[in-house]
Amino acid sequence: MPEKFIKPDIEWREQLTPEQYHITRESGTERAFTGAYYDCTIAGTYECVCCGRDLFSSEAKFNSGTGWPSFSEPIKENSVIERQDISFSMVRTEVICSRCNGHLGHVFPDGPPPTGLRYCINSASLKLSPK
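Residues numbered from 1 in each chain as written. Predicted model: local features only at pLDDT ≥ 70, side-chain atom pairs only at ≥ 80, totals over all residues. Heavy atoms only, no water.

**Q** Go over the sheet that holds strand E5 (residues 80-85) with me, naming the residues and quoting the values.
**A** Strands sit in the order E3-E4-E8-E7-E6-E5 across an open sheet of 6 strands; the sheet is antiparallel. Looking at strand neighbours, the two that pair on one side only are strand E3 (61-62) and E5, the edges of this open sheet. In this sheet, strand E7 (residues 103-108) lies alongside strand E6 (residues 92-97) in antiparallel orientation, the contact comprising 4 bridges. Paired with Glu 94 across the strands is His 106, a residue of E7. (Pairing = 2+ DSSP bridges. Helix = DSSP H or I, 4+ residues; strand = E, 2+ residues; numbered from the N terminus.)

**Q** Got a sec to walk through the side chain of Ser 70? Specific residues and values, please.
**A** With respect to the helices and strands, the residue Ser 70 is situated in strand E4 (residues 70-71). For Ser 70, the contacting residues outside a window of four places in its chain are Ala 60, Lys 61, Phe 62, Ser 64, Arg 118, Tyr 119 and Cys 120. (Contact = heavy atoms within 4.5 Å.)

**Q** Quick rundown of the packing of aromatic side chains? Include the residues and the values.
**A** This model, assessed by the stated rule, comprises 6 aromatic pairs. Look at Phe 33 and Tyr 38: their rings are 5.4 Å apart centre to centre, the planes differ by 85 degrees, and that puts the pair in the edge-to-face class. Given the relative accessible area of 47%, Phe 33 is considered partly exposed. Seen from their ring centres, Phe 56 and Phe 71 are 4.4 Å apart, and the 20 degrees between their planes marks the pair as stacked. You can see Phe 56 sitting in strand E2 (residues 54-57) and its partner Phe 71 sitting in strand E4, a full 15 residues away along the chain. Take Phe 56 and Phe 71: they sit in the same class, and that class is buried. Through pairs of rings, three or more aromatic residues link up here, namely Tyr 37, Tyr 46, Phe 56, Phe 71 and Tyr 119. Across the ring face of Trp 12, the terminal group of Lys 7 is positioned such that the distance to the ring centre comes to 5.1 Å. (Phe/Tyr/Trp six-rings, centres within 6.5 Å; stacked < 30°, edge-to-face > 60°. Buried < 20%, exposed > 50% of the residue type's maximum accessible area, 1.4 Å probe, protein only. Lys NZ or Arg CZ within 6 Å of the ring centre and 35° of its normal.)

**Q** Which residues make up the nonpolar core, and what are the values?
**A** If you look at the biggest cluster of nonpolar residues, it comprises 23 residues, and the most contacted ones within it are Tyr 46, Leu 55, Phe 56, Tyr 119, Ile 121 and Leu 126. Elements represented by at least two residues in this core include exactly strand E1 (44-48), E2, E6, E7, strand E8 (118-121) and strand E9 (126-130). (Core = buried A, V, L, I, M, F, W, Y, C linked by side-chain atoms within 4.5 Å.)

**Q** Can you lay out the side chain of Ser 72 for me, pointing to particular residues and giving the numbers?
**A** You can see Ser 72 is positioned in the loop between E4 and E5. Setting aside its immediate chain neighbours within four residues, Ser 72 contacts Ala 60, Phe 62, Pro 112, Thr 115, Leu 117 and Tyr 119.

The values are spatial; any link to function lies outside them.
Structure, rendered in C-alpha cells:
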C-alpha cells in the first residue's frame, strides 16, 4: 500500500479550488460535459489533483458518451481504492485515491474489453501531465 498523504482540512481548502474541494473532499460530482477532461485526447498521465499520485493513463481513456472522463483501468492496481457507496438510494462502487483518500468518481461494469469496466472520473479530481 502506498504511504498515506494526510492534511488538515484547512490546508485542503487552501490548496484546492472550491469545486476541487467539493468533489475530492466532500464526494461531490461535477455536471456532465462541463469538466476539462471529458473530451480531452491529449496523451499523458492523469494524476490526483490533491496529492499528485498517478491514477490513469490516456491509453486507457475512452469516450463513454457520459460526459465524464472514462477509463478502462487505473494506471496501477494500487493507484485507487474501490468501496461501496450507498448514497442517494443507490448502490455504486466509489473510486478514491489510494494515497490521499480523495473522491474521484465511480466504477461501473459497462466498459469496453478487455476489463469491461468504466471508471467514470470527475475532471476536477484530476490533473493531466502531458507526455
